[in-house]
Amino acid sequence: MRACRVHRFGGPEAISLDDIPVPTPGPGEVLVSVRAAGVGPWDSWIRAGRSVLPQPLPLTLGSDLSGEVAAVGEGVSGFAVGDAVFGVTNRRFTGGYADYAVAEAAMLAPKPPSLDHVHAASMPVVAVTAWQALFAQAHLARGQSVLIHGAAGNVGAYAVQLARRGGLKVSATAGSADLAYVQGLGADQVVDFRSTAFEDVVKDVDAVIDLVGGEVQARSFAVLRRGGTLVSAVSQPDQASARRADVEARFFLVAVTSATLSELGSLVDDGGLTASVGTVLPITGVRRAHEMLDSPERHPRGKIVMEVASSS
């Protein structure tokens, strides 16, 4: 089978399309015939050797996927050969850019019937990150307020939709070209971060969801109410600043679960959540996909997804 492999850490040129044996699922695992694989920034970090997790070489890149169950390992229940599924491969976020991928059953769920495989593969990591930031980390509840930074990005777009659906008052930051888009997702207030200092117009929110980091994260302590929470999916917040502002601040790594994926899939099928796909490439375009990830130039809004034609 084909697999997008890295034998040395480096730039997009370090990726090779190799022919390797089809893997066998172990206990608690499922073999997925991959129809589409999502491409995310964490794939670039792994490829470049900048992952926060150990990544022994050689490895197959990719985590987000959608496809059909080809085989199930020992102890797996709830999945059968032929089932359409979506989700994430494993906790190291590797193995997904391939004709067949082994995935932990606890990180898969039935594919939402209303989505094709390309749109389903665009969702798992980013949608679950948004969900967990809002509800598992910030513990927000209906009637509370939140400021979402990077709201036009892949995680941010889900965060705005989920916050709105959860009955939150939503403020968001975005560039001028994305203001109408973010407002259409459900934000009550959208701030052009290039022309307006968000701390001049946003005050006393219950939580900040930081998807940008850097000085934006540092300035965000000023907009939180006392006892509020800053949650970052980008970098560890400064705890001294948090203490001075009398708020909580935390960084987290997403933990994809079948339960959360199923909940998000139900929201999609109910029309309460929209998946956004930007560029779609064949698996042979993997280097181009990573060039887009690494490029400072703006590429089409939405997730990069590779279509994979299984070589059964």
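It should be emphasised that the depicted structure is a prediction, and the values quoted were computed from it without experimental measurement. (Residues numbered from 1 in each chain as written. Predicted model: local features only at pLDDT ≥ 70, side-chain atom pairs only at ≥ 80, totals over all residues. Heavy atoms only, no water.)

**Things to note about the sheet that holds strand β1 (residues 2–6)**
One open sheet accounts for three strands, arranged β2-β1-β4; its pairing is antiparallel. In this open sheet, the two edge strands, each paired with only one partner strand, are β2 (15–19) and β4 (59–60). (Pairing = 2+ DSSP bridges. Helix = DSSP H or I, 4+ residues; strand = E, 2+ residues; numbered from the N terminus.)

**Focus: the sheet that holds strand β13 (residues 224–232)**
Pairing within the open sheet is parallel, and its six strands lie in the order β11-β10-β9-β12-β13-β14. Taken across any chain shown, the strands that pair with only one partner, and hence form the sheet edges, are β11 (189–192) and β14 (248–251). Each adjacent strand pair in this sheet contributes to an overall mean axis angle of 15°, direction not counted. (Axes fitted to C-alpha atoms, helices over the stretch in contact; angles between N-to-C directions.)

**Focus on the packing of helix α3 (residues 124–137) against helix α9 (residues 258–269)**
One can describe the packing of α3 onto α9 by two numbers: an axis separation of 10 Å at closest approach and a directional angle of 95°. Here α9 runs roughly perpendicular to α3, going by the angle between their axes. Residues P124, A127, V128 and W131 of α3 form the contact with α9, whose participating residues are T260, L261, E263, L264 and L267. Its residues placed into classes, the contact of α3 with α9 shows seven nonpolar, one polar and one charged. (Parallel < 35°, antiparallel > 145°, perpendicular 65-115°, else oblique. Contact = heavy atoms within 4.5 Å. Nonpolar A, V, L, I, M, F, W, Y, C, P; charged D, E, K, R; others polar.)

**Quick word on the side chain of Q161**
Along the chain, the position of Q161 falls in helix α4 (residues 154–165). Setting aside its immediate chain neighbours within four residues, Q161 contacts L185, G272, L273 and T274.

**Brief notes about the nonpolar core**
Ranked by size, the top nonpolar core spans 77 residues in total, and within it M123, L134, V146 and I148 carry the most contacts. Discounting residues that sit within four places of it in the chain, M123 has contacts with F86, L115, V128, Y158, L264, V268, L273 and A275. By size, the runner-up hydrophobic cluster in this structure holds 14 residues, among which are V191, V216, L230 and A249. (Core = buried A, V, L, I, M, F, W, Y, C linked by side-chain atoms within 4.5 Å. Buried < 20%, exposed > 50% of the residue type's maximum accessible area, 1.4 Å probe, protein only.)

**Regarding α4**
Its 12 residues give α4 an end-to-end C-alpha distance of 17 Å, which sits within 8% of 16 Å, the value for a rise of 1.5 Å per residue. On its buried face, α4 is in contact with α3, β9 (145–148), β10 (169–174), α5 (179–185) and α9. Just downstream of α4 lies G167, where phi reads positive at about 80°. (Expected span 1.5 Å × (residues − 1).)

**Here's the deal with the pairing of strand β6 (residues 84–88)**
In summary, the side chains of a regular strand alternate between the two faces of the sheet. With four of its five residues buried, β6 lies for the most part within the structure. In this sheet, β6 lies alongside strand β5 (residues 64–72) in antiparallel orientation, the contact comprising five bridges. Paired with E68 across the bridge in β6 is A84. Pairing of β6 with strand β8 (residues 108–110), which is carried by three bridges, proceeds in the antiparallel orientation.

**Considering the UniProt feature "domain: Enoyl reductase (ER)" (unreviewed entry) in the chain**
The positions UniProt marks with the feature "domain: Enoyl reductase (ER)" (unreviewed entry) are residues 10–306. Secondary structure across residues 10–306 divides into 28% helix and 28% strand, with the first and last C-alpha atoms of the span separated by 21 Å. (UniProt positions renumbered as here; feature names shortened; annotations may be inferred.)

**Points about the packing of α3 against α4**
Axes are the key here: two packed helices are described by the angle between their axes and the distance separating the axes. The interhelical angle for the contact between α3 and α4, taken along N-to-C directions, is 50°, at an axis separation of 8 Å. Regarding the angle of α3 to α4, the classification is oblique. The crossing of α3 and α4 is right-handed. Of α4, the residues touching α3 (which contributes V126, A127, T129, A130, W131, L134 and F135) are N154, V155, Y158, A159, L162 and A163. Class assignment of the residues belonging to the contact of α3 with α4 gives a composition of 11 nonpolar, two polar and no charged. (Left-handed = near helix turned anticlockwise from the far one by under 90°.)

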